[in-house]
Amino acid sequence: MSHVVKFTEDELAYCKALGVKRHMAKNPSFRNSRNYRKQQFAGEIHMIGVMGEYAYHKLTGCELDKNIYATGDGGQDFEHNGKKVEVRVSTFGPVGTELKVSKTEYQKYKPDEYVLVYINKNNFKDVTVLGKISRENFDKKKREKQYGPRYPVNYIVGAEDLDALDI
């Protein structure tokens, strides 16, 4: 069962500000890469990530990580019910939404579960937390997908493979 989380203007402003700070903490060569040049504003991709984390925070009451990292958060966004949780966001959907983890990142980081959040870029005020999947189940159900010849190989599962959140 998915959960729609409503954002206020203040919460959106907070997510945008934190997203811009996270974006600016990255190396300039990373900030200026092809994917980041397509953003509507500097930090848009990071703002969307913060929004996913914020939605999970609102649903579960888990403390939001407000830290700024130059190279990432180590593959864990939250500690919930004794488990390391990584929140993933997709802006593609709502039908066919996929939880994706690059093969490299999957081998490097080992959260206990992944949570998938869908954000419609035309309506930032309503964010949908689609569900969760344990790393063990992700490992059983994942399949490889490469979105293009120059893109990394990803492991993916569909939203239909997710379980409801424990809230």
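Keep in mind that what you see is a predicted model, and the values were worked out from it rather than measured.

## A look at the overall build of the protein
Working step 1: On a plain count of helices and strands, the protein comes out with 6 helices and 8 strands.
Working step 2: Scored against the burial criterion, the 167 residues of the protein give a buried share of 43%.
Working step 3: The contacts of the protein with a sequence gap of at least 6 include a subset with a gap of at least 24, amounting to 63%.
Working step 4: As displayed, the protein has an accessible area near 9,300 Å², and 49% of this comes from carbon and sulfur atoms.

## What about the sheet that holds strand E4 (residues 98-102)?
Working step 1: Pairing within the open sheet is antiparallel, and its 3 strands lie in the order E4-E8-E7. The sheet terminates laterally at E4 and strand E7 (143-146), the two strands that pair on one side only. Each neighbouring strand pair of the sheet contributes to a mean axis angle of 40°, computed without reference to strand direction.
Working step 2: Strand direction decides the pairing type here: E7 and strand E8 (residues 153-158), joined by 4 bridges, are antiparallel. Directly across from Lys145, in E8, lies its bridge partner Asn154.

## A short note on unusual backbone geometry
Working step 1: Cis geometry marks the peptide bond from Gly93 to Pro94, where omega comes out at 5°.
Working step 2: A positive phi angle is found at Asn81, which is not glycine, with a value near 55°.
Working step 3: Topologically, Asn81 is positioned in the loop between strand E2 (78-80) and strand E3 (83-90).
Working step 4: Using a relative accessible area of 57% as the deciding quantity, one classes Asn81 as exposed.

## Notes on the environment of Asn122
Working step 1: Within the secondary structure, Asn122 sits in the loop between strand E5 (113-119) and strand E6 (126-134).
Working step 2: Taking the C-alpha atoms as reference points, Asn122 and Thr91, separated by 31 residues in sequence, lie 9.8 Å from one another.

## Comments concerning the side chain of His3
Working step 1: Looking at the secondary structure, you find His3 in strand E1 (residues 3-6).
Working step 2: Sequence-distant contacts of His3, defined by excluding residues within four places in its chain, comprise Leu59, Val127, Thr128, Val129, Leu165 and Ile167.

## Concerning the packing of aromatic side chains
Working step 1: If you walk through the whole model with that rule in mind, you get 6 aromatic pairs.
Working step 2: An angle of 50° between the planes, with centres 6.0 Å apart, marks the rings of Tyr14 and Tyr54 as tilted. Remark: Tyr54 occurs in helix H4 (residues 44-60) and Tyr14 occurs in helix H1 (residues 9-24); sequence separation between them is 40 residues.
Working step 3: Exposure remark for Tyr14: the relative accessible area of 31% places this residue in the partly exposed category.
Working step 4: You can call Tyr54 buried: its relative accessible area is 13%.

## Some words on the side chain of Lys132
Working step 1: On the secondary structure map, Lys132 appears in strand E6.
Working step 2: Within polar-contact distance, the side chain of Lys132 engages the side chain of Asp166 at 2.7 Å.
Working step 3: Once you skip the residues sitting within four places of it in the chain, Lys132 turns out to touch Glu113, Tyr114, Val115, Leu162, Asp163, Ala164, Leu165 and Asp166.

## Description of H1
Working step 1: End to end, H1 covers 22 Å across 16 residues, agreeing with the expected 22 Å (1.5 Å per residue, within 8%).
Working step 2: All buried positions along H1 are accounted for by Glu11, Leu12, Cys15, Leu18, Gly19, Arg22 and His23. The buried residues of H1 all sit within an arc of 140° when viewed along its axis, so they share a single face. Across H1 from its buried face, at more than 90 degrees, point the exposed residues Asp10 and Lys21.

## With respect to the pattern of salt bridges
Working step 1: This structure, assessed with the given rule, holds 13 salt bridges.
Working step 2: Here Lys121 and Glu44 are joined by a salt bridge, their closest N and O atoms 3.7 Å apart. Here Glu44 lies in helix H4 and Lys121 lies in the loop between E5 and E6, a separation of 77 residues in the sequence.
Working step 3: Lys121 gets classed as partly exposed once you look at its relative accessible area, which sits at 37%.
Working step 4: Judged by its relative accessible area of 2%, Glu44 falls in the buried class.
Working step 5: Taken together, the shared-partner salt bridges in this structure form one network comprising Glu86, Arg88 and Glu105.

Criteria and thresholds
Residues numbered from 1 in each chain as written. Predicted model: local features only at pLDDT ≥ 70, side-chain atom pairs only at ≥ 80, totals over all residues. Heavy atoms only, no water. Helix = DSSP H or I, 4+ residues; strand = E, 2+ residues; numbered from the N terminus. Buried < 20%, exposed > 50% of the residue type's maximum accessible area, 1.4 Å probe, protein only. Contact = heavy atoms within 4.5 Å. Areas by Shrake-Rupley, 256 points an atom, 1.4 Å probe, with all protein chains shown as cover. Pairing = 2+ DSSP bridges. Axes fitted to C-alpha atoms, helices over the stretch in contact; angles between N-to-C directions. Phe/Tyr/Trp six-rings, centres within 6.5 Å; stacked < 30°, edge-to-face > 60°. Polar contact = N/O pair within 3.5 Å; in protein donor to acceptor, adjacent residues only side chain to side chain. Expected span 1.5 Å × (residues − 1). Arc of directions from axis to C-beta. Salt bridge = Lys/Arg side-chain N within 4 Å of Asp/Glu carboxyl O.

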